[in-house]
Each structure stands twice: as structure tokens, then as C-alpha cells.
Amino acid sequence: MNEDDIQQIFFVECEEALEATEEGLDACKAGTHDDETINAIFRGVHSIKGGAGAFGHAALASYTHCFENLLGEIREGAVELEASLVDLLLRACDLLRDHVEAARNGGTPPDDASLMGQLEAARASGADQSSGSEKAAKETAEDVPQESDPEVEAAPSASVSDLPLDLGDDLDALLDELSLDEPEPVLADTSDAPDQTETEQPIWQLHIRPHSGAMDNGGEPLLWLRELERLGGLCESSDLSEIPQLHDLSVDEGYLGWTFTMPGSVSQGQVKEIFDFVGEDCSIAFGASEVIPPTRLAVKQEPAPSIETREEPKAEPQDAPTPAQSPKPSSAPSPAPSPTPTASRSSNSQSVRIDLSKLDRLIDGVGELVIAQAMLAQRLENESFAHIEELAMLETLVRDIQEHAMAFRAQPISSVFGRVPRLLRELAGNTGKSVKLEIEGETTELDKTVIERLSEPMTHLIRNAVDHGIESPKDRKAAGKDPEGTLYLSAEQKAGRIVIKIRDDGAGINRERVLEKAIANGIVAEDASLCDDEINQLIFAPGFSTAASVTSVSGRGVGMDVVKSNVRDLGGRIAIESTEGEGTTFILALPLTLAISDGMIVQTGDQSLVIPLTHVIESLRPGQADLKGLGTERTLLHVRGKFVPVVSLGKMTGAGDPVSDPTKGVLVLVETESHGQAALLVDAITDQRQFVIKSLDAHYRSVDSVAGATILGNGQVSLIVDIDFIVQAVVAPASLAIAA
């Protein structure tokens, strides 16, 4: 793997870190955060900083260093996390995303001087408050008489903070800092501590040794040691046995190892989190636990426990125990790497990063396999071998392979929803409106290609909702509403499709104004008589906008047109529900995948067509009593207590000599997103199987009534019917004339 490949992995990890950081900051804004939330935010920014330094992205590294400094102060409690500070951190996270994009694309880094100044100012204000508190505490302590105890003395210790940042820069200085002749810590006076002699505290041991790869991506072992120290760890010893002679020394290798004593209140999971981004480049071994007497815990560790390194002392009187003399279990592992953590890492490594183009080739291969299997089944059926056991087994295996292959590309829609908070913050600044976000179903999965192409229409719809839908705080208050608007996002799987809803609690669509604007722009005739749904659809017309002036948010009349075009390109549909004064809901119905699906192959006249199975409810042969006439050209089917329109699929597609009498053909009852149910009249149902969707846009052009094409088992090209368009053409023909 070359450097470019590694750098691409770094940028993928940056996206994951940014999502975790923004999610944590959103929790802080909502007031649902805890200490682990702050730690997760810190780890996300720190991981980006490490990789940025390793790959030479100086601007990104400098910015994340400044960002990390403030987060470190917040994590240590030196800076209070107030609402205004959370807003600042959210803006800092937005700018961090811009920095990552600039580094990824080789563009100019964004101007961060102003925001870095605000971050430093916030950090300095916290430091000033902390210094003032320490000074006051010191003055208070000086006013209180202290009794000196000649037997208790402060013991100097080498703190992790004093170690050199780069373990390969100056070995001599490092060895000086890791001096083995430091005085032992002296016991504190515990005579006044009640019940301490009756309580024993558990501890356990931890052994770590970074390897050469630990520093490749900007890892800093010193930071790991500081984290262990922060958790209350005490360094019992440093393993210097692997350090070579000076002429054999390599700054890229890892020579040092450490043995820590961890308090029983710290779990192994907390320790593993520190090394999340290290992988197998650092050996970690967990030793057995032991119970220590309270006198050992009375060793002075003020300020926070410091990292100490020393060799085992010679025999001393047993009535003065020291940490180095405390009994250790004989089964404790040595500092050298043991096979146990390796096995643990292997079992926990459950993911592999794969280039998307490789997955695309796999999906294409599976698609060709589906076609080949259909052709084989067709040929064997013609030879009267259609029911052999091996053919059924092959069909089952092909379906399993297809489902697993498609699952590789499935991703949660949270990757799209996760960008909305930043968009709302930007819109709030541009429009002066305050909008809160409520999300449901963000774990719903759909094809990665759909997710990538969904981002743009989602952005336009949200901009439209905030700018045109939600009123200003003043108008909302006058209408008896909460001055803060609400935007609802939801996603769910329904009948093999993904249904996304974007709803606001704004003023709704002013249909009179929309119709007036459409007539003024020549989109509809002055004497046109339109229903509410047809007027709603006018906002998707090219060049249509009700904005009084062009702003940075809207007003050019291209956004909603792009939305409808993109959704249709995805094989989906968009519907609108709006109540004036209460709000508007946009409903997007999209396919779960763009590659392979199940379908019903029907014959109508001289054509073989495919009806997507996700639309099909049932098929039936009606009797004359089930059919009712409506006017001279309409026929309705009475089914399950309601009437649905009968649509001749052959007549709609121009097939030659299709069946016109429903009692002599087959009716396929289908469900649409915006126009309810309908019964499609076909000559016969010939098969039901998986089909590979081929786009017409790439090979011909877009056709309104056709959702795509596929290759049947006999090698014939068959068109996939766009059910929503066909039904809409019969139920609401006026709206199609308007759209045209």
C-alpha cells in the first residue's frame, strides 16, 4: 500500500471522527452529554491532528492543535462548558470539516485566524479563572497554621508531562528523565483517617510497548501515558532492555515499554479506548489484579499521580512498605508482548476498508450472474428440465450472493442527516430564524449510490423549508407559535422502498400566491382550474420562485426543479402535503438499491414488461360483478370494500393488440406513493424473478413512463414500468399537462 492509499484511509477516518465530534457537540448543545462525550470529542479532533501532521497538512495540523488545546482544558474542567462556548465549538467543527475538505482536494485552506483567536481567547479566559481560583486557594491555605511532621517529606517525581514529546529526538535526554535513582515516595500520615485500616483497594497491572508503526500516523506515546496517568495509573517500571547501541538506533522504531499499576475503579475498556487508533502497532497486556492495603494508597500523589520509573529496591524493613515492595502475583505477565492481546485484537478486528470501485465491479459481476442464471433457467425450461433440484439450488445461491453483495453497499442514512445541523446553523445566521431539528429513523439503510445522490435534493428542500416555510420569530409569536421553528426528518423502509419525510411547522404553502406567480410566469394558463395537489406541484416548475428578492439562500427558481430532477433520476417520486398555517411535508419515495430488484414479468399485447414487485399487492381475474363503469371511458374495480381505477397497461405503452376486456385478462393491483392504488390490466403474468436494472439515460434518454430496462432470460430487452407515472397519467392527467 503506497502513501496515497494510506492518506485516503486517513481522510475516511477523518469523516468518521468529524461525525463523532459533531454528534458529541450536538449532545452538549442539547444538554445530554457526560464526561465520555467530551472524551469522544477530544479523541476525534486529536486523531485528525495526528494524521494531519503525519501527511504534512500543516494548516490542518495547526488548526486542530488549537482546537484540541481548548477541548483539553474543557475535559480537565479548567474551562466551563457554557452554551456560548458550545456554539463556538460547533463553528470550530464546521471549519474543521472545511479544512479536511481542502486537504483532501488539495485546495486552499480556509481562513481560520479569526476563529482560532476566539478559541485561544476562550482557553485563556478559562486559564485566568483557574489561576484565580488556585491563587485564592493558596492564600487561604497560607492563612491556616500547618503542623510540620519531620517524618513526612514531599518526594520529587518525574511526571509524564516532563518527558520529551518525540521519543526518538534525544535518547540521552530521555534516559535522564527516566532516571532510576529517584527517591521513593514517602508515606502520608494516615493516623486520622477513620476506617482506612479496615478497607483494602484492588489494583491491576497493565503492560504496553509501542512498535515501530505506532508513530507512523502521528501517534504520540507520551499522550497515551498522560491518559493513563489521568485515569490514576502509576508507572511501576520502564523496560529499557530493547534500547540498542547508539550506532544501531533508529528513530522509527519503538524500544521502550512500561508497566502500570491501575486502580480497580478503572476498567480494561477505558484503557482500550486510549489505544483505539493505534491498532496492532502497540502491544497491550492486562495483568492479574491484587488487593493492596490502605497504607499503600496513602502515598502522597498530589498533584495527580505522576509516572515514576525505578528499579526494584533492596530489602528494607517490612514495617515501612513502599509501592515497589507491594506483593505482586507470580502469574503477572512480563512487559514483553504476550499472545493473549494479539488473539484479542484478531477477534475484535471485524471490518475491512474496500475501495468503492471494487464493490461496484462486484455488483456488476453479480448482476451478470443473475442474468446468466435467468438465461440458464429459461433454456432448461424450454428443454423440459425446469424442475431439476440443482437449478433450484443455483437460484437460491444466486439470490444469497446478490443479497450479501448489496448489503456491502448499504449504509445508514445518518451520513446524510448528519450534515443537516451545520446547514441549519448557516441558515439561522443568514435568515435570523431559530430552528431546532428532530430526527427519526437515522439508522435506516439504503444503497450508498442513493445516499451520495440524495445529499443535493435534501439540501435544497431544507433550505426551502427554512427560508419559505418557517416564519420569522416575530410572525410565529404573533400566530401563537413557539418563536423557534422545528424541522422534522424521518426515514423508514416501506414495501421495498425508502420513504423520507421532511416536515416543517411553518406557514404552509400559500396556494393563491403560488398560482398567481405561475400565471404571471406563463407556467399555466390564466383560466386553468387546478386542484390543491396540482398547485403544490407547481413549485417544481423550472424557474419558479415566490421569493421577493434573490438572496444567498434562495430566489433564483432552480432549487426545487433540481430536486424533482434528481429524485426522478434515482427512480423515485416526491409528493407534497401542506396545510396553510400548520406546515408542509415533502415525501420522497426512493428505491433501496439501484442495481438488482425483484419483478413480475407480464405480457401485454406484443410486449413483455417488468412491474417492480415492491409496488405489487396482488393479482386477480375479476368477474363482471367486480367491475363498475364510470362515464364512458373509465372502469373501476371493486376490491376489498373500495373502488380502484383500472388502467390498461397495453394502451398506455402503445402495445399492439392488448386485451381490453378485464374479465379476459389479469389485473395486477399496485400501490403508489401519491395516488393510492390502481389495477393494471395485462394479458398474462409470465414469470417472477430478479432482474438487473439498466439505466436508459446512459444508453438512450430518459423516458417518463419507463423506470429502466433489463435483460430477460431469453436475451430479450424488457422495459421496467414506472408505476407512479402510469397511474398518475390516468388519475391526474391535468398535472402532467402542467408539468409538460
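Here the structure is a predicted model, which means the values were calculated and not measured.

Rules and cut-offs
- Residues numbered from 1 in each chain as written.
- Predicted model: local features only at pLDDT ≥ 70, side-chain atom pairs only at ≥ 80, totals over all residues.
- Heavy atoms only, no water.
- Helix = DSSP H or I, 4+ residues; strand = E, 2+ residues; numbered from the N terminus.
- Contact = heavy atoms within 4.5 Å.
- Areas by Shrake-Rupley, 256 points an atom, 1.4 Å probe, with all protein chains shown as cover.
- Buried < 20%, exposed > 50% of the residue type's maximum accessible area, 1.4 Å probe, protein only.
- Pairing = 2+ DSSP bridges.
- Patch = residues over 30% accessible without salt bridge, like charges linked within 9 Å, V, L, I, M, F, W, Y side chains within 5 Å.
- Salt bridge = Lys/Arg side-chain N within 4 Å of Asp/Glu carboxyl O.
- Lys, Arg positive; Asp, Glu negative; His and termini not counted.
- Charge placed at Lys NZ, Arg CZ, Asp CG, Glu CD.
- Phe/Tyr/Trp six-rings, centres within 6.5 Å; stacked < 30°, edge-to-face > 60°.
- Lys NZ or Arg CZ within 6 Å of the ring centre and 35° of its normal.

Chemist: Whenever I open this one, the overall build of the chain confuses me. Can you help?
Modeler: The number of helices and strands found in the chain is 23 helices and 22 strands. In the chain, once contacts between residues fewer than 6 apart in sequence are set aside, the share between residues at least 24 apart is 72%. Split by element, the accessible area of the chain, about 38500 Å² in all, is 49% carbon and sulfur.

Chemist: Got a minute to help me understand unusual backbone geometry in this structure?
Modeler: Trans is the prevailing form of peptide bonds, just as negative phi is the prevailing case for residues other than glycine. Of note in this structure, Arg-640 is not a glycine but carries a positive phi near 50°. Relative to the helices and strands, Arg-640 resides in the loop between strand E16 (634-639) and strand E17 (642-648). In this model, Asp-657 sits at a positive phi of 55°, which is unusual for a non-glycine residue. The topology assignment puts Asp-657 in the loop between helix H20 (649-653) and strand E18 (666-671).

Chemist: Just checking my understanding: could you explain the pairing of strand E2 (residues 234-239) for this structure?
Modeler: Here is the key point about a regular strand: its side chains alternate between the two faces of the sheet. In terms of residue burial, E2 counts as a mostly covered element, since 5 of its 6 residues are buried. Across 5 bridges, the pairing between E2 and strand E3 (residues 257-263) is antiparallel. Considered in E3, the bridge of Cys-235 is made with Phe-260.

Chemist: For this particular structure, what's the right way to read the environment of Leu-424?
Modeler: Locating Leu-424 in the fold gives a position in helix H14 (residues 420-431). Once residues lying within four places of it in the same chain are set aside, the contact partners of Leu-424 are Val-435, Leu-437, Ile-462, Val-466 and Leu-487.

Chemist: Would you mind showing me how to read a negative patch on the surface here?
Modeler: A contiguous patch of negative charge, built from Glu-19, Glu-23, Glu-440, Glu-442 and Glu-492, is present on the exposed surface. With respect to the element layout, Glu-492 can be found in strand E8 (residues 485-494).

Chemist: Where do I start with the pattern of salt bridges in this structure?
Modeler: Proximity of charged atoms lets side chains of opposite charge pair with each other. Summed over the entire model, instances satisfying the criterion amount to 21 salt bridges. Between Asp-87 and Lys-29 there is a salt bridge, with the nearest N and O atoms lying 2.8 Å from each other. Taken together, the positions of Asp-87 in helix H4 (residues 83-105) and Lys-29 in helix H1 (residues 3-30) put the pair 58 residues apart, joining distant regions of the chain. Residue Asp-87 is classed as partly exposed on the basis of its relative accessible area, which comes to 31%. The shortest N-O distance in the salt bridge between Asp-239 and Arg-209 comes to 2.3 Å. Taken together, the residues span a long stretch of sequence, with Asp-239 in strand E2 and Arg-209 in strand E1 (residues 201-210) at a distance of 30 residues. Just as Asp-239 is buried, Arg-209 falls in that class too. Several salt bridges share partner residues, and in doing so they unite Glu-15, Glu-22, Asp-94, Arg-97, Asp-98, Glu-101, Arg-104, Arg-422, Arg-425 and Glu-426 into one network.

Chemist: It is not clear to me how the packing of aromatic side chains should be interpreted in this structure. Could you clarify?
Modeler: Between two aromatic rings, the relevant description is the distance of the centres plus the angle of the planes. Tallying each qualifying case throughout the model produces 4 aromatic pairs. Pairing Phe-10 with Phe-55 gives two aromatic rings, centres 5.5 Å apart and planes at 35°, and the pair type is tilted. Placement of the pair is Phe-10 in helix H1 and Phe-55 in the loop between helix H2 (35-54) and helix H3 (58-75), with a sequence separation of 45 residues. Ring pairs connect the aromatic residues Phe-10, Phe-11 and Phe-55, which therefore count as one cluster. It is Arg-75 that lies over the ring of Phe-42; its NZ or CZ is 3.8 Å from the centre. The positively charged end of Arg-503 is found above the aromatic ring belonging to Tyr-488, 4.1 Å away from the centroid.

Interpretation note: all reported values are geometric properties and have no functional meaning in isolation.
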